[in-house]
Amino acid sequence: MFGMVRPCTHRLGERLTAQWMAHLCGLCLALRGQAGQFARVVTNYDGLVISVLTEAQAGAERAGRRRAGPCALRGMRRASVAEGDGARLAAAVSLILASAKTRDHVTDRDGLLAHRPVAAAARRIADVWDKEGARAGVGVGFDTALLVGAVERQPEVEALAGPGTPLLAVTEPTETATAAAFAHTAHLAGIPGNAAPLAEAGRLFGRLAHLLDAVEDQEKDAASGAWNPLTATGTPRAEARRLAADALHGIRLALDEAEFADGRLAHVLLIHELGRSVERAFGEERHRHGPEAYGPPGNPYAPGAPPHPGGPGDLPPPPPPREPRAFLPGCLVFIGMACTCQMCCGTYEGPWSRRRRDGVCKSCGDCCDCCNCCNDGCTCCECCGCCDC
């Protein structure tokens, strides 16, 4: 589950964590329904932002939720998961981009893909993902040819880039693809007036994705001789940092212009968590929270009412105690929890005992007291981020 947006449940709080997991599980299940079990491997944090944006505009009831059965990655618990057009659009985009990434690895003969039988199998999988991604796109009225065209132009753009080429010329195909996907969420939600600001937010989101990937991989690419946009264009890291800061500020301004039924989770992910991703990529310490870290304060568009138990997206009441699991089933559940960081943050069900336990991050004590970390009248943030777990 790769991506820039990797929130810690300790920072999100219980209500927003429930919403986040609903979208994560919804994307995973939409991929399974669209392209089979193996397609679930392309579940990614950035893709589910599309599902989050759709629900943020339409509201949970209109966007669609359903009750999903037990899953090892949720500690064998049932959950309310996102379904509907937002999850299907996220699945379509994830399949198309995963297909392109797979073909890139085959072309570069990375790792096991240097072997012909493995490369041939990977190509067949990529073909299936292309076909199913396009079919999913048609189902929600989205032309995936926009994504495919952007992906196909990327190698041409990179081949023409050299010292002195503007870095933004290299990021343009990615920006175009993400702008189209973000804008389409407005049409799915029935708020066409949001298309323009969300296209701008998507364009800058794509820019950040490309920039941060380049920054994080620059040393590794230099060692392996792989192409890197910063190195190829001679762009200093200071300039890349400036472009990233501008993109963060632009996303905030674009979101301020959009209309949301409940924009709290979208705000936290696209403003606060993206800011942390930038700091993480550039190796910066987070010394403060609030508007200074992300630019001028924005419009507090998210509802300020405190969450009410039982509302859409809230966690179900804890189940009654059950019999402990046997050793092998407990091992499988443990692996699932470890892969999804459930034992790091918040609370979780013991894989063998089934007792509720505190995650490792609970040892932070009282450092994560609830606060208004926006300092702009917004109460979307249920917990401050003083522990970067």
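Source: prediction; values computed, not measured.

1. Observations regarding helix H7 (residues 167–189)
Three or four residues apart is the spacing at which side chains of an α-helix point the same way, because the helix has 3.6 residues per turn. The end-to-end C-alpha distance of H7, which contains 23 residues, comes to 34 Å, matching closely the 33 Å that a straight helix rising 1.5 Å per residue would cover. For H7, the principal kink sits at Pro-173 and spans about 40 degrees. One or two positions beyond H7, positive phi appears at Gly-190, with a value near 80 degrees.

2. Topic: the packing of helix H10 (residues 237–257) against helix H11 (residues 264–281)
Put simply, H10 and H11 touch, their axes get as near as 10 Å, and they point 175 degrees apart. Relative to H11, the element H10 is oriented roughly antiparallel. For the pair formed by H10 and H11, the contact residues are Arg-237, Arg-241, Ala-244, Leu-248, Ile-251, Arg-252 and Leu-255 on the first element and His-267, Leu-270, Ile-271, Leu-274, Gly-275, Val-278 and Ala-281 on the second. Looking at side-chain class alone, the contact of H10 with H11 contains 9 nonpolar, 2 polar and 3 charged residues.

3. Some remarks on the state of the cysteines
Taken as a whole, this structure holds 0 disulfides when the rule is applied. Not part of a disulfide, Cys-25 finds its nearest cysteine sulfur in Cys-71, a span of 6.4 Å.

4. Things to note about the nonpolar core
The biggest cluster of nonpolar side chains holds 70 residues, and the ones touching the most others in it are Phe-182, Leu-208, Ile-251, Leu-270 and Leu-274. Where this core is concerned, the elements lending two or more residues are helix H1 (9–35), helix H2 (48–58), helix H4 (85–108), helix H6 (145–160), H7, helix H8 (195–224), H10 and H11. Of all the elements, H8 adds the most residues to this core, at 10 residues. Within the second largest apolar cluster, 5 residues are counted, among which are Cys-25, Ala-68, Ala-79 and Val-81.

5. Concerning the side chain of Thr-17
Positionally, Thr-17 belongs in helix H1. Of the polar contacts made by the side chain of Thr-17, one reaches the backbone oxygen of Gly-13; its length is 2.7 Å. When residues no more than four places from it in sequence are discounted, the contact partners of Thr-17 are Thr-9 and Leu-12.

6. Structural notes on the confidence of the model for the chain
Of the residues in the chain, 75% have a pLDDT of 70 or more, and the chain-wide mean is 79. Within the chain, helix H12 (residues 291–294) has the poorest average pLDDT of any element, 38, and H10 the best, 96. The low-confidence segment residues 285–316 (pLDDT under 50) makes 66 contacts with residues lying over four places distant or belonging to another chain.

7. With respect to H6
If you check H6, its first and last C-alpha atoms are 23 Å apart, about what 16 residues at 1.5 Å a residue would give, namely 22 Å. Taking the largest bend as the criterion, H6 deviates by roughly 30 degrees, centred on Gln-154, and proline Pro-155 comes between one and four positions later. Listed as buried for H6 are Leu-147, Ala-150 and Gln-154.

8. Quick look at the pattern of salt bridges
Here the structure, examined in full by the defined rule, presents 17 salt bridges. With a closest N to O distance of 3.7 Å, Glu-83 and Arg-66 form a salt bridge. Pair noted here: Glu-83 is in the loop between strand E2 (77–82) and H4 and Arg-66 is in strand E1 (residues 65–71), with a separation of 17 residues, a long-range link. Its salt-bridge partner being Arg-103, residue Asp-127 comes within 2.4 Å of it at the nearest N-O pair. With Asp-127 in helix H5 (residues 116–139) and Arg-103 in helix H4, this pair connects stretches of sequence that are 24 residues apart. A relative accessible area of 45% places Asp-127 in the partly exposed class. Arg-103 sits in the partly exposed class, given a relative accessible area of 29%. Counted as one network, the salt bridges with shared partners bring together Glu-175, Glu-200, Arg-203 and Arg-207.

9. A closer look at the packing of aromatic side chains
We describe a pair of aromatic rings using the distance from one ring centre to the other and the angle between the two ring planes. What the rule picks out here adds up to 3 aromatic pairs. For the pair Trp-20 and Tyr-45, a centre-to-centre distance of 5.4 Å together with 50 degrees between the ring planes defines the contact as tilted. One end of the pair, Trp-20, is in helix H1; the other, Tyr-45, is in the loop between H1 and H2, with 25 residues separating them in the sequence. Side by side, Trp-20 and Tyr-45 carry an identical accessibility label, which is buried. Their ring planes at 40 degrees and their centres at 5.3 Å tell us that Phe-182 and Phe-205 sit as a pair that is tilted. Of this pair, Phe-182 sits in helix H7 while Phe-205 is found in helix H8, placing the two residues 23 residues apart along the sequence. What makes Phe-182 buried here is its relative accessible area of 3%. Take Phe-205: its relative accessible area is 4%, and that puts it in the buried class.

What counts and how
Residues numbered from 1 in each chain as written. Predicted model: local features only at pLDDT ≥ 70, side-chain atom pairs only at ≥ 80, totals over all residues. Heavy atoms only, no water. Helix = DSSP H or I, 4+ residues; strand = E, 2+ residues; numbered from the N terminus. Expected span 1.5 Å × (residues − 1). Bend = angle between axes of the 7 residues up to and from the residue. Axes fitted to C-alpha atoms, helices over the stretch in contact; angles between N-to-C directions. Parallel < 35°, antiparallel > 145°, perpendicular 65-115°, else oblique. Contact = heavy atoms within 4.5 Å. Nonpolar A, V, L, I, M, F, W, Y, C, P; charged D, E, K, R; others polar. Disulfide = S-S within 2.5 Å. Core = buried A, V, L, I, M, F, W, Y, C linked by side-chain atoms within 4.5 Å. Buried < 20%, exposed > 50% of the residue type's maximum accessible area, 1.4 Å probe, protein only. Polar contact = N/O pair within 3.5 Å; in protein donor to acceptor, adjacent residues only side chain to side chain. pLDDT = per-residue confidence, 0-100. Salt bridge = Lys/Arg side-chain N within 4 Å of Asp/Glu carboxyl O. Phe/Tyr/Trp six-rings, centres within 6.5 Å; stacked < 30°, edge-to-face > 60°.

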